[in-house]
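Each chain is listed here by its residues.
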Amino acid sequence: MADLSPQELRVLAAVADSGGFSAAGAALGLTQSAVSHSVRGSEAKVGAVLFERGRGGASPTPAGERAVALARRILRMYEVLGAEARGAGRDTVAGVLRIAAFRSAALHLLPPALERLTARHPGIRPEVRVVRELGAGTAGEVAAGRADLAIATLNAGGTGGTGGGATGATGSAPAGSAPAGASAPGRLLTGVLREEAYALVHPAGHPDPRSLPLLDWDENCGSYTRDWWRAQDWIPRATVKAEDDGMVLTMVGRGLGMAILPELSLREATDAVDITGLGPSGPVRHVGYVTAPESASTLAVRALIRELRSEAG
């Protein structure tokens, strides 16, 4: 198979991002026919149809989704090559570091780690995107080549958590090294940062909090807690669902119900709520990082992992 050039990879990513050949051409400064010609050439080289064409534009086929994800990741390596070379042997690195995190991690886990990271490496420019832990979640941003590292919910083995979560091989790296893990191209590497217990949260001073309606949100209760959840006959079906855990906590404080929340979410608790532990058999979740094999050895990602491990304890 003939190699795809960087420009061909850029065209594939642009078509997927924009949803059409004309829009991709406008983004890249190319004509629609040039984009179409490039895509046809890439499909011939790959040996698969990468986009479904229609009046509404172009959408990746399953083969195209995989090709575009790898194209983004390869292009990212072109982008960081210079920074990596310049930082070699100098213990410093510069450039954009793309991070995906779910809401409570972005609020409470990332900021102190990024503060130390940028103090040690002033040239690093973090870009943080808050991504809901539904479907592919934050790990999906890494797999798709849109993030260099994600903070994700992991199961006890270090892989997929809420709504799919991180996938692929596991690995737990000492500070200063890349995480061990998968050797197969495209698989993701993970490392657990912290284990969090869930707790019952209810309006302060309520005499019988278990009698209250249950408040919940879509990201809560991943596969690692569902068995426990189903076994509790005192937990009713959620009658109120909110957008995120912060909203749930506010609603509990207003006396609208009870909730079961993990520790990071409880950092925003006020005197309006009481927190009751669920005992040693209560559910836990594992919060960790997810990165791609090719990003795991880069200076910026390794430095961020060190700071995250330091923050986690």
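Every value quoted in this text rests on a predicted model; they were computed, and no experiment measured them. (Residues numbered from 1 in each chain as written. Predicted model: local features only at pLDDT ≥ 70, side-chain atom pairs only at ≥ 80, totals over all residues. Heavy atoms only, no water.)

**A few points about the pairing of strand β11 (residues 284-291)**
Burial analysis of β11 places 7 of its 8 residues in the buried class, which makes it a mostly covered element. Strand direction decides the pairing type here: strand β5 (residues 149-154) and β11, joined by 6 bridges, are antiparallel. Paired with L149 across the bridge in β11 is T291. Here strand β6 (residues 189-203) pairs with β11 via 8 bridges, running antiparallel. Across the sheet, residue R194 finds its bridge partner in β11, namely V287. (Buried < 20%, exposed > 50% of the residue type's maximum accessible area, 1.4 Å probe, protein only. Helix = DSSP H or I, 4+ residues; strand = E, 2+ residues; numbered from the N terminus. Pairing = 2+ DSSP bridges.)

**A few points about the packing of helix α1 (residues 6-18) against helix α3 (residues 32-46)**
Direction vectors running N to C along α1 and α3 enclose 110 degrees, while the axes themselves pass 9 Å from each other. Classified by the angle their axes make, α1 and α3 are roughly perpendicular. Judged by residue contacts, E8, V11, L12 and V15 of α1 engage V35, S38, V39, S42 and K45 from α3. For the contact of α1 with α3, the per-class residue count stands at 5 nonpolar, 2 polar and 2 charged. (Axes fitted to C-alpha atoms, helices over the stretch in contact; angles between N-to-C directions. Parallel < 35°, antiparallel > 145°, perpendicular 65-115°, else oblique. Contact = heavy atoms within 4.5 Å. Nonpolar A, V, L, I, M, F, W, Y, C, P; charged D, E, K, R; others polar.)

**Concerning the nonpolar core**
Inside soluble globular proteins, nonpolar side chains tend to come together where they are buried. L97, L149, I151, L304 and L308 are the most contacted members of the largest nonpolar core, which totals 25 residues. The set of elements that each furnish at least two residues to this core consists of β3 (95-101), α5 (103-108), α6 (110-120), β5, β11 and α12 (299-312). Among the elements that take part in this core, α12 stands out by supplying 6 residues, more than any other. Those residues in contact with L97 that sit more than four places away from it in its chain are R76, L117, I124, R125, P126, E127, D148, A300, V301 and L304. (Core = buried A, V, L, I, M, F, W, Y, C linked by side-chain atoms within 4.5 Å.)

**Quick look at α6**
Of all the residues in α6, the buried ones are L110, A113, L114 and L117. An end-on view of α6 places all buried positions within 95 degrees of arc, on one side of the element. Opposite the buried face of α6, at more than 90 degrees from it, the exposed residues are E115 and A119. (Arc of directions from axis to C-beta.)

**Digging into the confidence of the model for the protein chain**
Averaged over the protein chain, the pLDDT score is 86; the fraction of residues at 70 or greater is 88%. Within the model, the stretch residues 156-186 combines pLDDT values under 50 with 86 contacts to residues more than four positions away or in other chains. (pLDDT = per-residue confidence, 0-100.)

**Overview of the pattern of salt bridges**
Taken as a whole and assessed by the stated rule, the structure comprises 19 salt bridges. Ionic pairing is found between K45 and E8, a salt bridge with its closest N-O pair at 3.0 Å. Here E8 lies in helix α1 and K45 lies in helix α3, a separation of 37 residues in the sequence. Ionic pairing is found between E141 and R146, a salt bridge with its closest N-O pair at 3.1 Å. Taking relative accessible area as the criterion, E141 reaches 8% and is therefore assigned buried. (Salt bridge = Lys/Arg side-chain N within 4 Å of Asp/Glu carboxyl O.)

**Describing helix α4 (residues 62-87)**
Helix length check: α4 (26 residues) gives 37 Å between terminal C-alpha atoms against 38 Å at 1.5 Å per residue, within 8%. Along its length, α4 reaches its greatest deviation from straightness, about 40 degrees, at V80. If you check which residues of α4 are buried, you get G64, A67, V68, A69, A71, R72, R73, L75, R76, V80, A83 and G87. Immediately downstream of α4, the backbone of G89 shows phi near 80 degrees, a positive value. (Expected span 1.5 Å × (residues − 1). Bend = angle between axes of the 7 residues up to and from the residue.)

**What to know about a nonpolar patch on the surface**
A contiguous nonpolar surface patch, about 270 Å² in accessible area, is contributed by L70, I74 and Y78. Along the polypeptide, Y78 turns up in helix α4. (Patch = residues over 30% accessible without salt bridge, like charges linked within 9 Å, V, L, I, M, F, W, Y side chains within 5 Å. Areas by Shrake-Rupley, 256 points an atom, 1.4 Å probe, with all protein chains shown as cover.)

**Some remarks on the packing of aromatic side chains**
Aromatic ring pairs are reported here in terms of the distance separating the ring centres and the angle at which the planes meet. On inspection of all chains with the given rule, the structure shows 2 aromatic pairs. With centroids separated by 6.5 Å and ring planes inclined at 90 degrees, the aromatic side chains of F21 and F51 adopt a geometry described as edge-to-face. With F21 in helix α2 (residues 21-28) and F51 in strand β1 (residues 51-54), this residue pair connects regions lying 30 residues apart in the sequence. A residue is classified by how much of its surface remains accessible, and F21, at 10% relative accessible area, is buried. In this structure, R210 packs its charged tip against the face of W234, placed 3.9 Å from the ring centre. (Phe/Tyr/Trp six-rings, centres within 6.5 Å; stacked < 30°, edge-to-face > 60°. Lys NZ or Arg CZ within 6 Å of the ring centre and 35° of its normal.)

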